[in-house]
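Listed below, chain by chain, are the residues.
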Amino acid sequence: MQNVIVGTAGHVDHGKTCLIKALTGTDTDRLKEEQKRGITIELGFANLPNDAGIHIGIIDVPGHEKFVKNMLAGIGGIDLVLLVVALDEGVMPQTVEHFEILKMLHIKQGIVVFTKADLVDEEWAGLVNDDVDNLVRGTFMENADRIQVSAYTGKNIDVLKQMIVDKVRAAGARRQEKELFRLPIDRVFTMEGFGTVVTGTLLEGCCQVGQEVELYPTERTVKIREIQTHGHRVDMAYAGQRTALNLVNIKKDEINRGEVLAAQDSLLKSQFIDAKVQLFSSTDRELRNGDRVHINYGSAQAICKAVLLDKDVLSAGEEAYVQFRFDEPVAVRRNDRFIIRFYSPTITFGGGIVLEAEALKHKRNHEDVIDSLRIKELGTDLEVLELELKEESRYFPVPKILAAKLNWTNQETEDQLEALVKGKKAVRLSDGSYIHKYYWNEITQYGTELLNQFHKENPISDGMEKEEFKSRILDNFRIQESKKADVLLNEMIKRGITVTIGSAIAAAGFNAEYSHEIKGMLKEIEDTYLMAGYEIPATDDVVNKFKDKKLSKQIVNDLVKKGALVKINPGAMIHRDNWEKAMGLLKKYFEDHPTISLGDYRDLLGTSRKYAVLFLEYCDQQKITRKQDDVRILVQKSR
């Protein structure tokens, strides 16, 4: 069934409440009675009976200038507006203010309703009609239907009912997906025996009894115990319905009017939002860079600083890109509409649309920032997603994060991301996150240059150790989550950008090779260790024999890696042949003796105590032997 919200707008005492009573039979001005009844949601709200099978709810908003904040809380989610003008007074200050607000909120259709038709003659009614012509010229209501009614005599009330039904047929269905559920809270109260109840207009999505939802911007999870819509208890509520939710495990004083109930993880809270702002053409106020203002969005009002990004001052009718910096976090969605009110006195003077709901702090007059906001305002869905992905790539966003930023479902976001992948503008990583191809190219270019430089400096090494390579990637790109380094490395290997050799990583196509000169150095170093026998030389002494000490050290390490040398400790190596002879002597000795002393092993080797100590301590480390008092016993057969 189609669910539609109709709102009224107009000056105080122009007959809005009486009009709604005549249309629906419901008196919306009865707060005390409602408080007694508990979970009812009829304050300023009534249902319009009809034979078209459409749920039509009418919101009665206050017309007095002191209650513009309340008016904004009710008018934001409507599909059709009744612009009420009393024929005995005509267009008045709040008529103009309310109409400016309607334009800023991009309400798409409306009906001009002239009330109190029984109090004036045709000539006077014609003058009021002319005033309305001037008010609506060039706007969405320029060609709107107009009708004269009288709640007192009943004149044209039935005709207006049919006009409303005909108009809302064309309103179109709101999005009903559960993951888009969002309800700005405009009332909070307690019902005896049930607990906390909140009410509001369900803007999009749906919710059901038993569902866990999130309260924003506090990000507190609550559970729905009971739902009422249009005065009836139901299992589910849908977009376009006035809805009351009985919540579990939360007190009335823990919820504030203006907060939002939404599907879990579907909103992002932030103290910075980017927006396109326009001032009313009728205002005599200016918006200057740095001004403090009130922002009204949904059912909330928040104080913030306005930072004009492409201008210094904004006058009547002018537009600009603005970053709002709030005193406290807010939770909005891209394309949400809002109204700006002057800080003091609180006069409504403009409005706009949210372009980025979770913005970074910007510098003014920055060309890249302005270009980005222009795309977010005017670009296609795919262009906006690509831009968001480019800006968010360093955080490795998953689809649900981007969905929250763009007000899409997860499936819609995944489909659009895959379109970017197919268009070679995005990369899907193995952990389900996505990054822009530009960011991927930056990472792979850095990684390739890093490895090429390493290979140049270490021509005989198989490659850089994986852990070092990953650490360098993390540090260079300031990536907070260490696991992302594994994900990126795996993707590089998968795409043939890098290869693994044991515990090392190398650029694709690299092969460690010995030049004629290096082969000569290698032979000389290996011969040095071989001829030294058991009286092994200090590593530094071997390295320092050569002019290119860095290269000679690499050759020593490479000989260890290839098994030609055994690393006794960082400063001492022994040739593999000599080591095996030493182990052979040890093994043979243990065949006839249960233990061996340091002196015994020294004599076996025919060397000094210094080298015997090195060998036996290494055997202890390798668990070949174990020291007991002043002797050693065999733990395992020597290798």
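Cut-off values and rules
Residues numbered from 1 in each chain as written. Predicted model: local features only at pLDDT ≥ 70, side-chain atom pairs only at ≥ 80, totals over all residues. Heavy atoms only, no water. UniProt positions renumbered as here; feature names shortened; annotations may be inferred. Domains from an automatic or database assignment. Buried area = accessible area lost by both parts, 1.4 Å probe. Salt bridge = Lys/Arg side-chain N within 4 Å of Asp/Glu carboxyl O. Polar contact = N/O pair within 3.5 Å; in protein donor to acceptor, adjacent residues only side chain to side chain. Nonpolar A, V, L, I, M, F, W, Y, C, P; charged D, E, K, R; others polar. Pairing = 2+ DSSP bridges. Helix = DSSP H or I, 4+ residues; strand = E, 2+ residues; numbered from the N terminus. Axes fitted to C-alpha atoms, helices over the stretch in contact; angles between N-to-C directions. Contact = heavy atoms within 4.5 Å. 1 Å grid on protein atoms, 1.4 Å probe; cavity = no way out; pocket = protein on both sides within 12 Å on 5 of 7 lines; lining within 4 Å. Points joined across faces, edges and corners; volume = space filled by probe spheres on them. Buried < 20%, exposed > 50% of the residue type's maximum accessible area, 1.4 Å probe, protein only.

Named according to an unreviewed UniProt entry, the protein chain is Selenocysteine-specific elongation factor originating from [Clostridium] clostridioforme 90A8. As recorded by UniProt, the Function (unreviewed entry) comment attached to the protein chain reads in full: "Translation factor necessary for the incorporation of selenocysteine into proteins. It probably replaces EF-Tu for the insertion of selenocysteine directed by the UGA codon. SelB binds GTP and GDP." On record in UniProt, under Subcellular location (unreviewed entry), the comment for the protein chain is "Cytoplasm".

K.L.:
What am I meant to see in the domain arrangement of the protein chain here?
P.N.:
A common way to state how big an interface is: give the accessible area lost once the parts meet. Examined at the domain level, the protein chain breaks down into domain 1 (3-170), domain 2 (178-262), domain 3 (268-372), domain 4 (373-423), domain 5 (438-507) and domain 6 (516-634). Between domain 4 and domain 5, the C-alpha centre-to-centre distance is 27 Å. The three residues of domain 4 that bury the most area against domain 5 are Lys390, Arg394 and Phe396, which together make up 84% of that side's buried surface. Applying the counting criterion to the domain 4 and domain 5 interface returns zero salt bridges. The tally of links between domain 4 and domain 5 comes to zero residue pairs in polar contact (both at pLDDT 80 or more). Tallied by class, residues from the side of domain 4 that touches domain 5 come to one nonpolar, one polar and two charged.

K.L.:
Looking at this structure, I do not really get the sheet that holds strand E2 (residues 45-47). What am I missing?
P.N.:
Consider a sheet: its strands pair through backbone hydrogen bonds, and that pairing is either parallel or antiparallel. With mixed pairing, six strands are arranged side by side in an open sheet as E2-E3-E1-E4-E5-E6. With one partner strand each, in any of the chains shown, E2 and strand E6 (145-148) form the two edges of the open sheet. Pairs of neighbouring strands in the sheet enclose a mean axial angle of 25°, with direction left out of account. Bridge count for strand E4 (residues 80-86) against strand E5 (residues 110-115) is six bridges, and the pairing is parallel. Among the inter-strand pairings, Ala86 is bridged to a residue of E5, identified as Thr115. Packing of helix H5 (residues 122-136) onto the sheet brings it into contact with E4, E5 and E6, and relative to E6 it is tilted by some 155°.

K.L.:
Could you clarify how one ought to interpret empty space enclosed by the protein in this entry?
P.N.:
By the definition in use, this model includes one cavity of 30 Å³ or more. For the largest cavity, the calculated volume is near 30 Å³. Together, Ile273, Ile295, Tyr297, Phe326, Val330, Val332, Phe338 and Val354 line the largest cavity. Of all the secondary structure elements, the ones that give two or more residues to the lining of the largest cavity are strand E19 (292-297) and strand E22 (319-332).

K.L.:
It is not clear to me how the pairing of strand E8 (residues 187-191) should be interpreted in this structure. Could you clarify?
P.N.:
Consecutive side chains along a regular strand alternate between the two faces of the sheet. Here E8 lies mainly inside the structure; four of its five residues are buried. Where E8 meets strand E9 (residues 195-201), five bridges bridge the pair, whose relative direction is antiparallel. Within E9, the position partnered with Met191 by the bridge is Gly195.

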